[in-house]
Amino acid sequence: MSEQTSSPDRPQAPQFSVATRSALVGKDGRTGTRGQSCRLPTGGLIERARSHSFTFDGRSYAGHPGDTLASALLANGVHLVGRSFKYHRPRGILTAGPEEPNALVELREGARREPNTRATTAELYNGLIARSQNRWPSLRFDLMAINSLLAPILSAGFYYKTFMWPSAFWEKVYEPLIRRAAGLGRAAGKADPDTYEKAHLHCDVLVIGGGAAGLMAALAAGRTGLRVVLTEQDFRLGGRLIADNRVLDDRRSVDWVAHMAGELAGLPNVRMLLRSTVFGVYDHGTYAALERVSDHIAVPPQYEPRQRLWHIHARRCVLAAGAIERPLVFGDNDRPGVMLAGAVRAYLNRYAVAPGRHAVVFSTSDETAATVADLARAGVGIAAVIDPRASVPHGIEAAARAAGARLIGGGVIIRALGRARVRAVEIRTATGAIERIACDLVCVCGGWTPSIHLASHLGGRPAWSDRLAAFLPAALPGGMAAAGAANGQLALADALAAGAEAGLEAAAQCGASGQPVAVPATDGESTFNAALWRVRAARGKAFVDLQNDVTDEDVALAGHEGFRAGEHLKRYTTLGMATDQGKTSNVTGLALMAEFTAKPIAQTGSTTFRPPYTPVAIGALAGGHRGKEFRPTRLAPSHNWACERGARFVEAGQWLRAQFYPQPGETDWLTSVKREVRTVRSRVGLCDVSTLGKIDVQGADAVEFFDRVYSASWKALPIGKARYGLMLREDGMVLDDGTVARLTAERYVVTTTTANAAKVLQHMEFCAQWLWPELDVQLASVTDAWAQFALAGPCARHLLHKVVDGQHDVSDAAFPYLAAGQVTVMGGLPARLFRISFSGELAYEIAAPAGYGEALWRHMMESGREFGVEPYGTEALGIMRIEKGHVAGNEINGHTTAADLGLGRMLSGAKDFVGRVMAQRPGLMAADRPRLVGLKPVDRQDCLRAGAHFIRAGAKPTGREDEGYMTSAAFSPTLDHWVGLGLLVHGPERHGEQVRAYDPVRGGDVAVEVCHPVFYDPTGERLRG
Amino acid sequence: MRYSIFSVLAQALKGNTGWKPVWRDAELKPAYDVVIVGGGGHGLATAFYLAKEHGISNVAVLEKGWLGGGNVGRNTAIIRSNYLLPGNIPFYERAMKLWEGLEQDLNYNAMVSQRGVLNLYHSDAQRDAFARRGNAMRLHGVDAQLLEREMVRAIAPSLDFDNARFPIAGGLLQRRGGTVRHDAVAWGYARAADQRGVDLVQNCEVTGIRVQGGRVLGLDTAKGFVRAGKVGLACAGNSSRVAALAGLKLPIESHVLQAFVSEAVKPLINGVITFGAGHFYISQSDKGGLVFGGDIDGYNSYAWRGNLAMVEDVCESAMALMPMLGRLRLLRSWGGLMDMSMDGSPIIDKTPIAGLYLNAGWCYGGFKATPASGWCFAYTIARDEPHALNAAFRLDRFATGHLIDEKGAGAQPNLH
Amino acid sequence: MRIDCCYCGPRGHEEFVYLGDATVERPNGDPDQPLDEAARQRWVDYVYLRDNPAGAHRELWQHVSGCRAWLVVTRNSLTHAVLQVEAARDVALGRGLHQKPTPAL
Amino acid sequence: MAELDHPFRSALAGAVTAGGQYGRRSACPGVVVSEIHAPGLAMVAARKGRRGDLIAAVRAGFGVDLPTTPRRATGQEIAFVWVGPDQWLALQHPAPKDGMEGLLAPLAGLASLVEVSHGRTLFALTGSRVREALAKGVPIDLHASAFGPGDAASTLVAHIPVNLWQVDDRPSYEFAIARSLAQSFWQWLTVAAAEYGVQFADG
Ligand SMILES: Cc1cc2nc3c(=O)[nH]c(=O)nc-3n(C[C@H](O)[C@H](O)[C@H](O)COP(=O)(O)OP(=O)(O)OC[C@H]3O[C@@H](n4cnc5c(N)ncnc54)[C@H](O)[C@@H]3O)c2cc1C
Ligand SMILES: NC(=O)c1ccc[n+]([C@@H]2O[C@H](COP(=O)([O-])OP(=O)(O)OC[C@H]3O[C@@H](n4cnc5c(N)ncnc54)[C@H](O)[C@@H]3O)[C@@H](O)[C@H]2O)c1
Ligand SMILES: Cc1cc2nc3c(=O)[nH]c(=O)nc-3n(C[C@H](O)[C@H](O)[C@H](O)COP(=O)(O)O)c2cc1C
Ligand SMILES: [Zn+2]
């Protein structure tokens, strides 16, 4: 496959470079391509014509397109690839797939460094850079390997029993040491420079896995014409068929796969996603898949993501994820060169790599025959074939004979010898004799574990099969069926047939029918496996979970200490908790626990399968939603103008609002904000309040509706008037405040606070649809439709005259405080005018269609120049509302009742409304609830801070003396000192009293005087002026 | 047997063959003075403190599955006492104090690690709200520090300070906050309770509560009937179901909360960090995995598993806060069952049925409470009255209006 | 999770907001009704107490990013299987409690 | 009404260039976007118990059968998109002189009418790769077999609420986005479609 990325819409059939493949390899033919001493001279699905150079731990090597990092390393004779988690034991390559526990590397460099990358799935590209990890100073010489000597102390759970004394040493000494020693690779520590994207895919039938079963399923379903998606985690289709040498209908398996790929590519309704792992199954037919779009090249091409997260919505799913081979548990079974037999076959057949020269095969499975044959065909010497069964099946015997290999029936390996690479094995024969056999490769197979993970993600527990010595899917997610090795149908013929049937059945369940797909004839095979969970009386450490260094002794110890349930075993020993999630070890661990506790495995139970099936980059799960694009940004109508004016912005929910508008020469925000406040108080200012929620309410019962959702009564609100209203939650606390203006007999416009706009609309819809569906009331959000600007200040009316068209009388008499009406502005533009004031000045809000908002704003700025108009931002807005004692989000914070806020008079006693009854509970009516007051510093120079707590003067600051807190504070340019609002116990009765505003987290402790919350124009003359 | 470096060394020489079971797998006896339902952190701690503080050791803890298999075995292990409201602070601070002495109390290393909890703020209003909380903590003698942006940068330089949608403005730090090895809490309390004679009975689901004349008589269980002088319920996410066996209806909904762990990497983050502009928090386990989480999934569920949208939401926040996480891989996600109460605060109280006591409503924050919850619940059961520390956690507060609503979210559990 | 909105078809639950139990009834809150102990308890039941069943659960969702309809969804809280989706308005009207208010004075 | 001195400002002003190309340069960009300038839009919601009358009135007055499922029905100039039970988005382009509320005035009493012409930004999208680009955000199935001309939906795209409908089977779609979010939507679209090349055509 070329370096061009495969685009999802152009699925490419895998291209095989099989032309060069020849059956047998000469004895001395192993020198292979350019320094790749272990590359077989022919064969393999690699592009020999091209080579890729790469480095591992700084040394350069060569490989070919079609290689993984692991196969390329093995081609170069590199077996030592990593160090283990706990004991820092040298480790090699165990598998040829995503289940790899050992061969984890740091891939790439700099900000793109990816720790813990499995060499067995990393596709080779030119210039690939990889390093070994979790070793110091070097892979060959790792000082931490001392842990191996301490192993008797470092048994499972040892840390719970020690490091307790002295107590303070845990954080200071022990833990930092443990933390430094733990962990695997190093994170880049820099922002990820690549991009990720998400996409949705809908289909009738999803087929997970492109092996024998999956290909058949996809074809069978695809031929019915339904929309079929086939996902394959590998960069090639075929599964075991490209790893093994099989014959299907007289085709070699690789050719059969190519043929099937061609068939599928010819069906426009079938979509193939390669390099795409289905990693999670979620409710109601949602599958999450990760497509590695650009991981097989050094850097993603411009405009393309590194990876893509697919949300696949499928009506039916065929799980054809195959099976994972199990290693065997014997002494020092972790030595580099000990490999899964199936992986060895994959390296021989698919990658044309001989992972050794002298092999020992140690297997409990009838598949040994294939391993022996493939080794022999590749010219690898076979020192011995060891089968623990007393009577070895004929097939294996024949294969061994054909290969000229010694067959040791009833024997076991008790220990592997060698450090950085296995050099011999110690075996015990049927007679009990101990013998040593030299070798550099040990092919092990302890049977197969069906990949049932995805079948269990929704909680369905798998069922134990004694016959297969494995768990099989049971209680599958709705719409899912399993086929092939994933379903325990290990034999190829069975897998093919099961796949074809499952594909057709899935289609039938979607209502489509088709012809059965002809199942190819296959060469026969025996899939029998005799479970051997561990070699007894082994020597050395016998690992069950290789990555987390969990041994059979650890399992035994857990059992001994009472951690016998499968889940206890896992948590106590960490078995199955490493990056491979125990794909090669869980079943063995459970079986050993069953053995130690003399219970059936079914009773020990499997541990829980959880997403993701294989680890998924966090960046991919976030997609494009990071940085500034984390959440959408809402822009107000004057945004553009404010940018031109150099405004500072502040986030208000999703909105960006102008916080203040600095002028040339103003260096600190306070100077700007003071100026803005003074402008409003002395001349006129303009503020964009479009972010307030606006809801259009119509209907014959709109008034009745308001009566039920607001605390006060609305029956007397005349047309052309607005009023302030308060809304409670059903629990009696204040939900929001805002205005309601009556435009016509049956039409109103409601405003909400910016923060609560969405919540209030939902609440009103709830009331209208669920609580009182009999009312004739229609709600529509018009927040975005209108630009709304406040113009406030003594000159506001002068400015208004210049904006509102002449025919409208906006004199105080004709348009008094709280008037509301429709007008035209700027020569015919329909607008709405409200005389409401948040600042306490004479003020109006003009609303115009949002597209003309900027024009209106510019117009007002221009025509107001003669009055000295200036824009003001949220900061000045906030100061002025504090000066006026208006409550806002800081006070309406979900903790306060109307009475707390001094708004108790707004609760009508004459009607039912949301929150009325619950507001009468004793806890909400208690006399000692903190209530709204104003605060000023006794020493007028002192600064006030919201968040300070009130302590009685002279009292010691303790929790018991806590009497409330400052909700809002601001420097008042009008009064020339700080002012605050707060909630104080018995507050309204304490005006004039001095209390402490205690703010230890900011070092504040200020004497403040309690006062009425309205600091400015308490009688409201100005706003009525 | 006592645990220490000496026992570890001695056992090492013997090939680790001499260790005793951490607890006896007890058989259910016909009757107990007190039966605790639920072998999670709170149930086990309650049993321990009943024995230790009140000399009541004829006690059984009944667990329907395996000990510690509930939320105590799946939470993100954060401990802190940075609460706002007076009903909460002293209680959580007691928990913190008990954590600080836990190893010695239990002779078990649960790895209480006070590496700090940092809550980020992103606006002036949020800063003031944090100041209010920090001040409340200080008034109650709890440590709290308000940090400005540059101080946060010094502690956690790898956060996104330059390109964020919601820029970091500062943080509230509780240095004594941190994490504890969650499973070990269950095991440590189990071992210590067992050593004091408490029977820990696994695979023993309670299926009925027998009440006679307004007084609790005993329990029907998967292993038969057991008589009980007093019964304490500590069933976390399953509280409503178990309370219903006694005819009680609770102000609780069960919701799923997910958590996540990444592949293990070398140390990257020291303490706990929470994002203030989205639901996200993160720490790094001693093993090296980044442990993180976000909001609850948001609808009633007993399914112990989460949805994809929340996974994505959490990872979006993760990337917004720490864009360096992009190439690290999510290793595992899981869900637990939260007993979300109507005001977001717990209940430790007597019930209308004599001899029946309730410990529930922990929401997503009950792990940090474990020692104090066990301590107070034991007190309430032993003395038949609440201790001052849990006096506010009353069952009738919803009727009286004495709510403890830290978030001010009102009677909607999925908003707490 | 996917909810089959009775108006829009199956959508991801992230398009919806959740409110909770749909079986609780808002009691009469008219001020002329006596607020005796029983009435208080009805309110506490309505606002705070929940059956919280493990199994079929009738619950309120709003398709807020879709058609904005409030829905009564019957869903199994153990398996998440959605058993029924109804328009809340229809359910509410079907309860028959709702009569047109007397005209505003 | 005199043409105003102060022009209508598109929510995309400053963020796009007419004729501009975004993402991969290409002679035939895979996605072609334009903004439908200053359309007339109104929310039409049936008054309680008047749905039938409303449907009849719309048929009589505008020659359109109001859809009762998520679809868009078009008349001579006006179109109605179902957006919720008993709720439609009426649109006409160019906007009628007296505004949508004026145009729809005959429906008064049967429906509440709310002018939202300036509340939404309308995007028209087409191009050979438009489905692939949209799949990166639109969660619903836009495959020809599942969604065709006249079909409409409201959903979330990259956290942004959208109303969308298919116009023809080239395919072309129109998206209505809250004005304040139009730039965020555009930002998402240019990234999603970058690999196919995006052309912003002058609408
Ligand atoms: C993902 C996640 C993250 C969290 N993060 C934190 C955090 O960082 N900090 C924090 O403070 N808290 C956190 N929590 C909350 C915390 O885990 C819980 O509040 C706390 O564990 C609950 O108390 P517990 O340990 O007693 O519960 P559990 O461990 O759930 O114990 C309850 C036990 O009762 C048993 N039980 C139930 N019904 C019956 C029955 N009928 N018969 C017998 N036994 C029964 C259950 O099997 C279970 O073992 C988190 C929770 C989750 C799920
Ligand atoms: N003889 C034996 O003992 C024995 C044992 C085991 C397997 N086999 C062989 O295994 C094969 C069985 O066929 P099969 O199709 O069931 O299995 P398979 O292993 O051939 O194919 C499974 C495919 O699924 C892919 N896959 C797994 N999980 C995935 C995921 N989450 N997302 C995307 N792709 C995923 C794998 O990469 C693989 O290509 C036969 O060839 C059979 O001969 C034989
Ligand atoms: C703090 C913490 C750290 C964890 N670290 C890991 C880990 O490193 N590897 C792993 O596989 N799981 C880890 N888990 C998750 C557990 O495997 C498991 O998923 C979780 O306890 C819930 O149990 P369940 O998945 O069996 O239901 C961790 C859990 C917690 C709470
Ligand atoms: Zn809908």
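**Describing the overall build of chain D**
Item 1. In terms of helices and strands, chain D carries four helices and twelve strands.
Item 2. Taking 203 residues into account, the globule formula puts the C-alpha radius of gyration at 17 Å, and chain D, at 17 Å, falls close to it.
Item 3. By principal-axis analysis of the C-alpha atoms, chain D measures approximately 50 × 50 × 30 Å.
Item 4. Each of the 203 residues in chain D was classed as buried or not, and the buried ones make up 61%.
Item 5. Of all intrachain contacts in chain D linking residues separated by at least 6 positions in sequence, the fraction that spans at least 24 positions is 66%.
Item 6. Accessible area for chain D stands at about 7,700 Å²; split by element, carbon and sulfur atoms hold 50% of it.

**Topic: the interface of chain A and chain B**
Item 1. The interface is formed by 119 residues belonging to chain A together with 113 residues belonging to chain B.
Item 2. Note on chain A versus chain B: buried area summed over both sides is about 9,500 Å², and carbon and sulfur give 55% of it.
Item 3. For the chain A face of the interface with chain B, the top three residues by lost area are Tyr-160, Arg-179 and Ile-618 of chain A, together amounting to 9%.
Item 4. Put simply, chain A and chain B have twelve salt bridges between them.
Item 5. One salt bridge connects Arg-327 of chain B with Glu-114 of chain A, and the closest N-O pair in it is separated by 2.8 Å.
Item 6. On inspection of chain A and its partner chain B, the count reaches 71 residue pairs in polar contact (both at pLDDT 80 or more).
Item 7. Considering each element in turn, the side of chain A that touches chain B owes the most residues, seven residues, to helix 3 (residues 169-181) of chain A.
Item 8. Sheet analysis places strand 31 (residues 616-617) of chain A next to strand 16 (residues 329-341) of chain B, joined by two bridges and oriented antiparallel. Bridging from a neighbouring strand, Val-616 of chain A pairs with Leu-330 of chain B of strand 16 of chain B.

**Quick notes on the pairing of strand 21 (residues 412-417) of chain A**
Residue and element names in this part refer to chain A.
Item 1. Taken across its six residues, strand 21 has five buried, putting it largely inside the fold.
Item 2. As paired strands, strand 21 and strand 22 (residues 424-428) are joined by five bridges and run antiparallel to one another. Across the sheet, residue Ala-416 finds its bridge partner in strand 22, namely Val-425.
Item 3. Hairpin connection from strand 21 to strand 22: six residues lie between these consecutive antiparallel strands, with Gly-418 at a positive phi of about 110°.

**Examining the confidence of the model for chain A**
A low pLDDT means the predicted coordinates there should not be read in detail.
Item 1. Mean pLDDT over chain A: 94, with 97% of residues reaching 70 or higher.
Item 2. The low-confidence segment residues 1-32 of chain A (pLDDT under 50) makes 86 contacts with residues lying over four places distant or belonging to another chain.

**Some remarks on the nonpolar core**
Item 1. In terms of nonpolar packing, the biggest core is built from 101 residues, with Phe-91, Trp-99 and Tyr-189 of chain B touching the most fellow members.
Item 2. The element best represented in this core is helix 7 (residues 182-195) of chain B, accounting for eight residues.
Item 3. Residues within four places of Phe-91 of chain B in sequence aside, it is in contact with Ile-348, Trp-362, Ala-369, Ala-372, Ser-373, Cys-376, Leu-389 and Phe-393 of chain B.
Item 4. Counting 82 residues, the second-largest nonpolar core is a separate cluster that includes Val-105, Ile-427, Cys-439 and Leu-546 of chain A.

**Remarks on the interface of chain C and chain B**
It is common to give the size of an interface as the accessible area that goes away when the parts come together.
Item 1. Across the boundary between the two partners, chain C contributes 24 residues, which contact 25 residues of chain B.
Item 2. Looking only at chain C, the three residues that lose the most surface to chain B are Tyr-18, Tyr-48 and Asn-52 of chain C, adding up to 32% of its buried area.
Item 3. Counting across the chain C and chain B interface gives two salt bridges.
Item 4. Measuring nitrogen to oxygen at the nearest pair gives 3.5 Å for the salt bridge that ties Asp-51 of chain C to Lys-249 of chain B.
Item 5. Linking chain C with chain B are 15 residue pairs in polar contact (both at pLDDT 80 or more).
Item 6. At the level of secondary structure, the elements contributing two or more residues to the side of chain C that touches chain B comprise strand 3 (17-21), helix 1 (37-47) and strand 4 (56-62) of chain C.
Item 7. Broken down by element, the side of chain C that touches chain B gets its largest block of residues, four residues, from strand 3 of chain C.

**Remarks on the packing of helix 18 (residues 702-709) of chain A against helix 19 (residues 757-771) of chain A**
Residue and element names in this part refer to chain A.
Item 1. Two elements in contact, helix 18 and helix 19, have axes separated by 11 Å at closest approach and are oriented at 115°. In the packing of helix 18 onto helix 19, the handedness of the crossing is right-handed. On the side of helix 18, the interface is formed by Phe-705, Phe-706 and Val-709, while helix 19 contributes Met-764, Cys-767 and Ala-768.
Item 2. In terms of residue class, the contact of helix 18 with helix 19 is built from six nonpolar, no polar and no charged.

**Regarding the confidence of the model for chain D**
Item 1. Per-residue pLDDT for chain D averages 95, and the proportion of residues at 70 or more is 97%.
Item 2. For this predicted complex, the interface score ipTM comes out at 0.97, alongside a pTM of 0.96.

**Describing the sheet that holds strand 3 (residues 40-46) of chain D**
The pairing of strands in a sheet happens through backbone hydrogen bonds and is either parallel or antiparallel.
All names here are of chain D.
Item 1. Here we have five strands laid out as an open sheet, ordered 4-5-6-3-7, and antiparallel in their pairing. At either margin of the open sheet sits one strand with a lone partner, and together these are strand 4 (72-74) and strand 7 (111-115). In this sheet, neighbouring strand axes are inclined to one another by 25° on average, regardless of whether the strands run parallel or antiparallel.
Item 2. Summarising the sheet, strand 3 and strand 7 pair through five bridges and their orientation is antiparallel. Paired with Ala-42 across the strands is Glu-115, a residue of strand 7.

**Here's the deal with the coordination of the zinc ion (ligand 4)**
Residue and element names in this part refer to chain C.
Item 1. Of the protein atoms, only Cys-5 (SG), Cys-8 (SG), His-63 (ND1) and Cys-67 (SG) coordinate the zinc ion (ligand 4), at distances of 2.0 to 2.4 Å.
Item 2. Note that the zinc ion (ligand 4) binds four donor atoms; their angles at the metal cover 102 to 116°, and the shape is tetrahedral.
Item 3. Along the chain, the residues donating to the zinc ion (ligand 4) fall in the pattern C-x2-C-x54-H-x3-C.
Item 4. What makes Cys-5 buried here is its relative accessible area of 3%.

**What about the site of ligand 3?**
Item 1. Close to ligand 3 lie 17 residues; Arg-571, Gln-581 and Arg-610 of chain A together with Arg-74 and Arg-332 of chain B are nearest.
Item 2. The local environment of ligand 3 is shared, drawing residues from chains A and B.
Item 3. Arg-571 of chain A places a polar side-chain atom, nitrogen or oxygen, 2.6 Å from an oxygen atom of ligand 3.
Item 4. One of the side-chain nitrogen or oxygen atoms of Arg-332 of chain B is found 2.6 Å away from an oxygen atom of ligand 3.
Item 5. Protein contacts shield 94% of the accessible area of ligand 3, which totals 600 Å² for the unbound molecule.
Item 6. Where the shell around ligand 3 is concerned, the elements lending two or more residues are helix 12 (566-573) of chain A together with strand 16 of chain B.
Item 7. For the shell around ligand 3, a count of residues per class yields five nonpolar, five polar and seven charged.

**Focus on the packing of helix 17 (residues 669-682) of chain A against helix 22 (residues 874-883) of chain A**
Residues and elements named next belong to chain A.
Item 1. Running from N to C, helix 17 and helix 22 point in directions that differ by 60°, and their axes come no closer than 9 Å. Relative to helix 22, the element helix 17 lies oblique. Crossing of helix 17 over helix 22 shows right-handed handedness. Along the contact surface, helix 17 presents Trp-669, Val-673, Glu-676, Val-677, Val-680 and Arg-681, while helix 22 presents Glu-875, Ala-876, Ile-879, Met-880 and Glu-883.

Each value, and the rule that gives it
Residues numbered from 1 in each chain as written. Chains lettered and ligands numbered in written order. Predicted model: local features only at pLDDT ≥ 70, side-chain atom pairs only at ≥ 80, totals over all residues. Heavy atoms only, no water. Helix = DSSP H or I, 4+ residues; strand = E, 2+ residues; numbered from the N terminus. Rg over C-alpha atoms; globule rule 2.2 N^0.38 Å. Buried < 20%, exposed > 50% of the residue type's maximum accessible area, 1.4 Å probe, protein only. Contact = heavy atoms within 4.5 Å. Areas by Shrake-Rupley, 256 points an atom, 1.4 Å probe, with all protein chains shown as cover. Buried area = accessible area lost by both parts, 1.4 Å probe. Salt bridge = Lys/Arg side-chain N within 4 Å of Asp/Glu carboxyl O. Polar contact = N/O pair within 3.5 Å; in protein donor to acceptor, adjacent residues only side chain to side chain. Pairing = 2+ DSSP bridges. pLDDT = per-residue confidence, 0-100. Core = buried A, V, L, I, M, F, W, Y, C linked by side-chain atoms within 4.5 Å. Axes fitted to C-alpha atoms, helices over the stretch in contact; angles between N-to-C directions. Left-handed = near helix turned anticlockwise from the far one by under 90°. Nonpolar A, V, L, I, M, F, W, Y, C, P; charged D, E, K, R; others polar. Donors = N, O, S within 2.8 Å, 3.2 Å for Na, K, Ca; no water. Tetrahedral: all angles 85-135°; square planar, octahedral: opposite > 155°, others 65-115°. Near = heavy atom within 4 Å. Parallel < 35°, antiparallel > 145°, perpendicular 65-115°, else oblique.

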